[in-house]
Amino acid sequence: MVRGGSSAAARAGAMDVDGAGEPEESQLGLLLAACGQGDAEAVRCLLQGPGGAASTVVNRPGPGGETPLLAACRAGNQEAVSALLAAGADPGAADDEGLGCALLAATSGSVELLRWLLEQDLRVGGHMRFLRWEVG
């Protein structure tokens, strides 16, 4: 899903990374924006860009303690979530309010993402047992 040209911005951000790389805050900002918009293409581009610069911040929290994985779960985008998990995102992360990926996926309205997360048998804490009972 491409919204507002964010994929082009992500590609540009990934291509601007030289040998030294952009500051991690820039990479985190781009990755959080792509994840929050549910833009799986931009997420993959950032993670696979030169040196995979965004993969160094895949578990770094942004505002409110939200990691890129949590932002992707909140957006309900399974492709972005899958790419982040493959890049080493921590499925046990929670934001400052204690909300984890399973709960955010559930509140996104994406039953498909929630079912997929449950099928992956990820260790995401106590909420997963409750959700397994409700959805399964």
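Structure report, in brief. (Residues numbered from 1 in each chain as written. Predicted model: local features only at pLDDT ≥ 70, side-chain atom pairs only at ≥ 80, totals over all residues. Heavy atoms only, no water.)

For the rest of this paragraph, the subject is the overall build of the protein chain. Secondary structure summary: the protein chain contains eight helices and zero strands in total. Going from the N terminus to the C terminus, the protein chain shows its helices and strands as α-α-α-α-α-α-α-α. Across the 136 residues in the protein chain, those meeting the buried criterion constitute 44%. If you take every contact in the protein chain between residues at least 6 apart in sequence, the share linking residues at least 24 apart comes to 63%. In the form shown here, the protein chain has an accessible surface area of approximately 6,700 Å², with 51% of it arising from carbon and sulfur atoms. (Helix = DSSP H or I, 4+ residues; strand = E, 2+ residues; numbered from the N terminus. Buried < 20%, exposed > 50% of the residue type's maximum accessible area, 1.4 Å probe, protein only. Contact = heavy atoms within 4.5 Å. Areas by Shrake-Rupley, 256 points an atom, 1.4 Å probe, with all protein chains shown as cover.)

Turning our attention to the pattern of salt bridges. Scanning the entire structure with this criterion turns up four salt bridges. Note that Arg60 is salt-bridged to Glu25, the shortest N-O span being 3.6 Å. Here the residue Arg60 occupies a position in the loop between helix H3 (40-48) and helix H4 (68-75), and Glu25 occupies one in helix H2 (residues 24-36), the gap between them amounting to 35 residues. For Glu25, a relative accessible area of 55% translates into the label exposed. For the salt bridge of Arg44 with Glu79, the shortest nitrogen-to-oxygen distance reads 3.2 Å. Of the two residues, Arg44 sits in helix H3 while Glu79 sits in helix H5 (residues 78-86), which places them 35 residues apart along the sequence. (Salt bridge = Lys/Arg side-chain N within 4 Å of Asp/Glu carboxyl O.)

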